[in-house]
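# Architecture and fold: a report
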Amino acid sequence: LTITNASGSNSAIDLTADDLVDLTIKGGGALTVTNDLGETSFPDLETIDGSAATGPLSLSVTGSDVEAVDTGEAGDNLQINSTKSSAGFATNGGNDNIEIDGLGTSASVNAGDGGDNIELNVVLAASNSVDGGDGNDTLEASTDVSIGSFVGIETLELLGAAAAADLSKFDS
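Residues numbered from 1 in each chain as written. Predicted model: local features only at pLDDT ≥ 70, side-chain atom pairs only at ≥ 80, totals over all residues. Heavy atoms only, no water.

## Considerations on the sheet that holds strand β17 (residues 170–171)
Note the threshold: Whether two strands pair depends on DSSP finding at least two bridges between them. Numbered from the N terminus, helices here are DSSP runs of H or I no shorter than four residues, and strands are runs of E no shorter than two.
Strand order in the open sheet formed by 9 strands is β1-β3-β5-β7-β9-β11-β13-β15-β17, and the pairing between neighbours is parallel. Looking along the sheet, the strands with just one partner apiece sit at the ends: β1 (2–5) and β17. Relative to strand β15 (residues 149–151), strand β13 (residues 129–131) runs parallel, the two sharing 3 bridges. Across the sheet, the residue bridging to Ser129 is Ser149, located in β15.

Encoded structure:
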């Protein structure tokens, strides 16, 4: 299924589909999907391809089925609470906001170009990677950042419950 959001529009929609496997999002308008994309609203969803979207996307991905998320080059908002082991999340260009509340054991996040803000609220597994990409990227960690790998992060902000930071895990 392909959703095209017209340039200049600002849409907020609630989507559901039982048998949808691939979702493609295009267009120049801002699009907010108001419900979680994953197990409850989309039990069979595996890929979300918003790479052709030129307007900002706001998405929340949950559960264990979604394997790949790719947003466009605008300033996107992506919330991740996924347990899919090998999932890949890419926001490409733009000044993106990414919130990581759950990440499968081998999953990766790539923020692409731009000054991105990445909020980490879960301890990563050893094989997880977070790549800020080119630009001035900030990682706000409310938990330990002593496991996993972090690339392209220019600023580390330790918040609240963060008790340990292994700076050898960072490679800018």
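## What about the nonpolar core?
Put simply, the rule is: What is meant by a nonpolar core is a set of buried Ala, Val, Leu, Ile, Met, Phe, Trp, Tyr and Cys residues, joined one to another through side-chain atoms within 4.5 Å. Burial here depends on accessible area, computed with a 1.4 Å probe over protein chains only, as a share of the maximum for the residue type. Under 20% is buried, over 50% is exposed, and the range in between is partly exposed.
Judged by nonpolar contacts, the single largest core of 37 residues is most densely connected at Ile48, Phe89, Ile100 and Phe150. Elements that contribute at least two residues to this core include exactly β3 (22–27), β4 (30–33), β5 (47–53), β6 (57–63), β8 (77–82), β10 (97–102), β12 (117–120) and β14 (138–141). Per element, the largest residue contribution to this core is 3 residues, and it comes from β6.

## Regarding the side chain of Asp96
Applicable threshold: Positive charges come from Lys and Arg alone, negative charges from Asp and Glu alone, with His and the N- and C-terminal ends not counted. Note on definitions: salt bridges are taken to be side-chain nitrogens of Lys or Arg within 4 Å of carboxyl oxygens of Asp or Glu. As used in this structure description, the phrase polar contact means that two N or O atoms lie within 3.5 Å; if the pair is within protein, one of them must be able to donate a hydrogen and the other to accept it, and residues adjacent in sequence are counted only when both atoms belong to side chains. What makes two residues a contact is simply this: any of their non-hydrogen atoms within 4.5 Å.
Residue position: Asp96 is located in the loop between β9 (88–90) and β10. At 20 Å, Lys26 is the nearest oppositely charged side chain to Asp96, a buried residue that forms no salt bridge. In this structure the side chain of Asp96 is engaged in a polar contact, spanning 2.9 Å, whose partner is the side chain of Thr91. Residues in contact with Asp96, not counting those within four places in the same chain, are Ala74, Gly75, Asp76, Thr91, Ala111, Gly115, Asp116 and Asn117.

## Regarding the sheet that holds β8
We apply this condition: Axes here refer to lines fitted to C-alpha atoms; in helices the fit is confined to the stretch in contact. Angles between the N-to-C directions go from 0 to 180 degrees.
Taken together, the 8 strands give an open sheet; going across it, the order is β2-β4-β6-β8-β10-β12-β14-β16, and neighbouring strands pair in parallel fashion. Looking at which strands have only one partner, the edges of the open sheet turn out to be β2 (10–13) and β16 (155–158). Taking the axes of each pair of neighbouring strands and ignoring which way they run, one obtains an average angle of 15 degrees across the sheet. Direction of pairing for β12 relative to β14: parallel, over a ladder of 4 bridges. Each bridged residue has a counterpart across the sheet, and for Glu119 the counterpart in β14 is Glu140.

## Focus: a negative patch on the surface
The following threshold applies: Exposure above 30% relative accessible area and the absence of a salt bridge qualify a residue for a patch, where like charges join within 9 Å and nonpolar side chains (Val, Leu, Ile, Met, Phe, Trp, Tyr) within 5 Å. Per-residue accessibility takes into account occlusion by the displayed protein chains alone, with areas from the Shrake-Rupley method and a 1.4 Å probe. Charge placement uses NZ in Lys and CZ in Arg. For Asp and Glu, CG and CD serve respectively.
Together, Asp18, Asp19, Asp22, Asp44, Glu46 and Asp49 make up a negatively charged patch on the protein surface. Tracing the sequence through the fold places Asp44 in the loop between β4 and β5.

## Considerations on the pairing of β1
By the alternation rule, side chains of β1 split into Ile3 and Asn5, which are all buried, and Thr2 and Thr4, of which none is buried. For β1 and β3, the ladder comprises 4 bridges, and the chain directions are parallel. By the bridge assignment for β3, Ile3 is matched with Ile25.

## With respect to the pattern of salt bridges
Taken as a whole and judged by the stated rule, the model has 1 salt bridge. Salt-bridge contacts for Glu67 lead to Lys84; the nearest nitrogen and oxygen are separated by 3.8 Å. A residue pair is termed long-range when its members are at least 10 positions apart, and Glu67 in the loop between β6 and β7 (68–70) and Lys84 in the loop between β8 and β9 qualify at 17 residues. By relative accessible area, Glu67 is classed as partly exposed at 35%. We classify Lys84 as partly exposed; its relative accessible area is 22%.

## Some remarks on the pairing of β5
The pairing of β3 with β5 spans 5 bridges and is parallel. Counterpart to Gly27 in the pairing with β5 is Ala53. Where β5 and β7 come together, 3 bridges link them in parallel fashion. Its bridge partner being in β7, Ile48 is matched across the sheet by Val69.

All quantities given are derived from atomic positions and should not be read as evidence of function.
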